[in-house]
Amino acid sequence: MEETQIASILKTSELYPIPQSIKLSYGTAGFRADASLLESTVYRVGILSSLRSLKLNSSTVGLMITASHNKVSDNGVKVSDPSGGMLSQEWEPFADQIANASSPKELVSLIKDFVEKKEIAIEKGGEVWLGRDTRLSGESLLRAAEIGVRSVLGSVAVDVGVLTTPQLHWMVRAKNKGLNATESDYFENLITSFKCLIGLIPVKLESSKLVLDGANGVGGLKMEVLIRSLSDIDVEIRNTGRDGGVLNEGVGADFVQKEKVVPLGFGLKDVGMRCASFDGDADRLVYFYIPSESCGGDKVELLDGDKILSLFALFIKEQLNIIGDEGKKCRLGVVQTAYANGASTDYVKEMGLEVVFAKTGVKHLHEKAEEFDVGIYFEANGHGTILFSECFLSWLVGKQKDYSEGSDKHNAVSRLVAVSNLINQAVGDALSGLLLVEVILQHMGWSVQKWNELYKDLPSKQVKVEVPDRTAVVTTSEETEALKPLGIQDAINGEIKKYQRGRAFIRPSGTEDVVRVYAEASTQEAADSLASSVAQLVKSFLGSS
C-alpha cells in the first residue's frame, strides 16, 4: 500500500477511536450494538466496503445502516455484495478483525496484510452506495461510513437516503446488472409487475381491506408511497412512526411472530380482518387475523413465513401445471430450516415438491435455493423470497413468444415472468412479498381464513439450556441431527418415539453458551413434555452451567 494511502487511513481512524471493552462479531445481521458504540465500527466497515468493491473490479457495493427488529436505541451495519446478496462469508473474519483492532496502527497493519493477500489493486477507486433506516442515530453513522469509504483513496460514497434494507439490496443488484437502479425504478418495477398479475386474474372479485402494521419504521412510510400508484389494493397503514409510536416497541413482525398477540393499535375492532406486519427495516413479513373467539381481542392466528412459502409454492406449481409437460420439467424446490413447522414441510411434500433443509440463517437458505430452476425459501420469522434461475427465465420469455396471447399457457408463463419481477430476488422484502401474497389471494378468491386452512401447525416448544461449553454440540449441516456428544442423538430419538408426530432437535447458539432445543408433537402438552425431556438429556450429556 502506498504511503499516502496509509496516511489517509491513519488520519481518519483517529476521528473514530474504538470504545473500550466491546467485542463485535459480523453475522447474518452484520454488526449490531447500542448506536452510541458503533461509529468506529461503521467507519471501518466503510473501508471494508471500498476494498470489496475494488476486489470485484469496482462493482457497486451496498452499505446499510440498520438494526432491523432491534430496539430503537440500537443500530447496526451490514454490507451488500454486487449481486444484491449478503457479504461473502470469506470476508466476515476480516470484518471482525478490523472492527476490533485496538489502534489505528493495528488497523492499518490488518488492512495492509489483507490487501496483499487478496491482491487488491487500490489505484482504481471503488463505489459504495449507503442507505439507512429511520433511526435518528443513522445520520451520524452514515457520515462515519462515508469517511471510511473515502479514506480508501479514489473511492466514492453515494448517499442514497432513507430506504428499507431490501430496497438497497435491489438497487445494488440492478446497478451491477446495468439496469435502472433508483428508488423510483424499484417502485416502478413493483407497480408494473403487480398490475400485470392483477390483469391476469381469471375471475376478478372485489378485494377486502388489508390492515398493515408498519412497526413504526421505514416500511410503513415506503408502503404509503407505493399504494398511491395502486388502485387494486386497499391498505390501511398503522404504526407509521408519525403518531409518536416507537420503532419495534410492541409492534412489528418479530413481536407478532414471537408473542402471537396483536401489535399496538390493533384490537377487537379488527376481528376477522386480514392484517400484516413488517419488521423495522421491512425485510420480514407475517400475516395474522384476530379470531372471533378471541375474548380480549389480543390473541392472533398467525400466518408466518412457512404459510407464506406454502402459498407461493401452491401458486407457482399451479402455473407450471397449466403449462403442461414442459412446465413439469422445471425443478421447483423449497428450502426450509429445521425450525420450519413439520406440518408445513408435510404440506409442501404432499404437493409433490422437493424440500431441502439448510442451516439456520438467510444466507444458507439463499445458497440452497440457487440450486433450483425456481427456489422458494422462507424462515418462520417471515424472511424469504423466490429465486428464478437465468436459464429458466430465458425459457419462460421464449415460451411467451411461442404460445398464443390470451391462451391459458401464455397467461401461466406471463404470471411466472411477472412474479420473477415482482419478488425481490436479492433478499427477503416485505413490500414485494406483501404485494405477491395479495395478488395470489385475489387470484384464488381466498380470504385470510381460507389461506390459513392449508394446514394446521403442529404445536411446538423452544427451550434454551445453559451449558458450560456449547461447542461440545456438533450437528449435521442441516442442524436436524446431533453428531456429538456421541450417543445423544440416539437418546433424543428414543424420546421422540414416545410422542405422536414427535420431532425434536438441538443446536448450539451462535452467540451465547446455551444449547437450543426445539420440539413439536400432536398436542401442546406433548410438545412441552418432549422439549423438557430433550433439555434434560442435554444437561446429562453436557452438564449445566
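See the structure above.
Anyway, here's the lowdown on the structure attached to this text.

Reading guide: rules and limits
Residues numbered from 1 in each chain as written. Predicted model: local features only at pLDDT ≥ 70, side-chain atom pairs only at ≥ 80, totals over all residues. Heavy atoms only, no water. Helix = DSSP H or I, 4+ residues; strand = E, 2+ residues; numbered from the N terminus. Buried < 20%, exposed > 50% of the residue type's maximum accessible area, 1.4 Å probe, protein only. 1 Å grid on protein atoms, 1.4 Å probe; cavity = no way out; pocket = protein on both sides within 12 Å on 5 of 7 lines; lining within 4 Å. Points joined across faces, edges and corners; volume = space filled by probe spheres on them. Nonpolar A, V, L, I, M, F, W, Y, C, P; charged D, E, K, R; others polar. Pairing = 2+ DSSP bridges. Right-handed = clockwise from strand over helix to strand, strands pointing away. Axes fitted to C-alpha atoms, helices over the stretch in contact; angles between N-to-C directions.

## As for unusual backbone geometry
Next up, step 1: Going from Lys484 to Pro485, the amide bond is cis rather than trans, its omega being 0°.
Next up, step 2: Within the secondary structure layout, Pro485 lies in the loop between β17 (482-484) and α18 (488-496).
Next up, step 3: Even without glycine at this site, Ser68 takes up a positive phi of about 50°.
Next up, step 4: Secondary-structure assignment places Ser68 in the loop between β2 (60-65) and β3 (74-80).
Next up, step 5: We classify Ser68 as buried; its relative accessible area is 2%.
Next up, step 6: Despite not being glycine, Asn216 has its phi angle at roughly 55°, a positive value.
Next up, step 7: Tracing the chain through its elements places Asn216 in the loop between β6 (210-213) and α8 (218-227).
Next up, step 8: On the accessibility criterion, Asn216 (7% relative accessible area) is buried.

## Examining the layout of surface pockets
Next up, step 1: In this model, the second largest pocket occupies a volume close to 510 Å³.
Next up, step 2: Taken together, 25 residues line the second largest pocket, and the ones lying closest to its centre are Ser83, Gly85, Met86, His366 and Glu370.
Next up, step 3: Mapped onto the lining of the second largest pocket, the elements with two or more residues apiece are α13 (362-369) and β14 (384-388).
Next up, step 4: A total of five residues in the lining of the second largest pocket trace back to one element, the largest contributor, which is α13.
Next up, step 5: Grouping the constituent residues of the lining of the second largest pocket by class yields 10 nonpolar, seven polar and eight charged.

## Quick look at the pairing of strand β5 (residues 156-162)
Next up, step 1: Pairing analysis gives six bridges linking strand β4 (residues 127-132) to β5, with the strands arranged parallel. Across the sheet, Glu127 pairs through a bridge with Val156, a residue of β5.
Next up, step 2: Handedness of the crossover joining β4 and β5 through helix α5 (residues 138-150) is recorded here as right-handed.

## Concerning the sheet that holds β14
Next up, step 1: Strand order in the open sheet made by the four strands is β12-β11-β13-β14, with mixed pairing throughout. Lying at the two open borders of the sheet, with one neighbouring strand each, are β12 (354-357) and β14. The sheet shows a mean angle of 20° between the axes of neighbouring strands, taken without regard to direction.
Next up, step 2: With four bridges connecting them, strand β11 (residues 332-336) and β12 associate as parallel partners. Across the sheet, residue Gln336 finds its bridge partner in β12, namely Phe357.

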